[in-house]
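In case you want the letters, here they are:
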Amino acid sequence: QVQLAESGGGLVQAGGSLRLSCVASGRTYTMAWFRQTPGKEREFVARIMDYGGNTDYADSVKDRFTISRDNAKNTVYLQMNSLKPEDTAVYYCASTNSPWSQRYAYWGQGTQVTVSS
């Protein structure tokens with residue numbers, strides 16, 4: 001079982017930036033960020049593959065957010081720029097448990113991001 005721990009959330013004004021980090025206790029593969037607001041389903045934000053580092057983004061964050069990883073540190077990052085009030089949510093990192101799986105087996109506890117207008 002791999003433990004994931006997010007950090008870096010907080011309160012920021014619209015147009016500002018935050019960088020989220022997620023440290024894993026063990027080996028991870030595809031890693032992703034999701035977010036959720038009260039009363040809504042959890043939504044995909046971005047993902048990064050293990051080998052090759054290919055990335056995918058939700059249309060709502062494309063060109064504003066950047067996902068990256070440092071495998072030596074077992075850490076994935078989410079750099080969030082030009083933040084908007086609608087980016088307010090609890091952000092979760094997740095990881096698959098094998099190179100070929102598309103199911104996110106491991107999840108962090110989440111970190112709150114609040115963007116004020």
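As a starting point, this report considers the structure included with it.

Conventions used here
- Residues numbered from 1 in each chain as written.
- Predicted model: local features only at pLDDT ≥ 70, side-chain atom pairs only at ≥ 80, totals over all residues.
- Heavy atoms only, no water.
- Core = buried A, V, L, I, M, F, W, Y, C linked by side-chain atoms within 4.5 Å.
- Buried < 20%, exposed > 50% of the residue type's maximum accessible area, 1.4 Å probe, protein only.
- Helix = DSSP H or I, 4+ residues; strand = E, 2+ residues; numbered from the N terminus.
- Contact = heavy atoms within 4.5 Å.
- Phe/Tyr/Trp six-rings, centres within 6.5 Å; stacked < 30°, edge-to-face > 60°.

## Comments concerning the nonpolar core
One finds W33, L78, M80 and Y91 to be the most contacted residues of the largest nonpolar core, which totals 27 residues. For this core, the secondary structure elements donating two or more residues are β3 (18-24), β4 (31-36), β5 (43-48), β7 (65-70), β8 (75-80), β9 (89-96) and β11 (111-116). Among the elements that take part in this core, β3 stands out by supplying four residues, more than any other. The contact partners of L78, leaving out residues within four places of it in the chain, are L18, R19, L20, W33, V45, A46, F65, T66, I67 and Y91.

## Overview of unusual backbone geometry
Of all residues except glycine, most have a negative phi; of all peptide bonds, most are trans. Of note in the backbone geometry, N74 takes a positive phi value of approximately 50 degrees without being a glycine. Along the chain, N74 turns up in the loop between β7 and β8. Residue N74 is classed as partly exposed on the basis of its relative accessible area, which comes to 27%.

## Focus on the environment of A105
Following the sequence through the fold, A105 ends up in strand β10 (residues 104-107). Here the alpha-carbon distance between A105 and S95, two residues ten residues apart in the chain, equals 6.2 Å. For A105, the contacting residues outside a window of four places in its chain are S95, T96 and N97.

## Some remarks on the packing of aromatic side chains
This structure, assessed with the given rule, holds four aromatic pairs. Relative to Y104, the ring of F34 lies with its centre 5.3 Å away and its plane at 75 degrees, an arrangement referred to as edge-to-face. On the criterion of sequence distance, the pair formed by F34 in strand β4 and Y104 in strand β10 is long-range, its members being 70 residues apart. Taking relative accessible area as the criterion, F34 reaches 11% and is therefore assigned buried. With relative accessibility at 15%, the residue Y104 sits in the buried group. Between Y104 and W107 the ring centres are 6.3 Å apart and the planes differ by 65 degrees, which places this aromatic pair in the edge-to-face class. Classification of W107 by relative accessible area gives partly exposed; the value is 32%.

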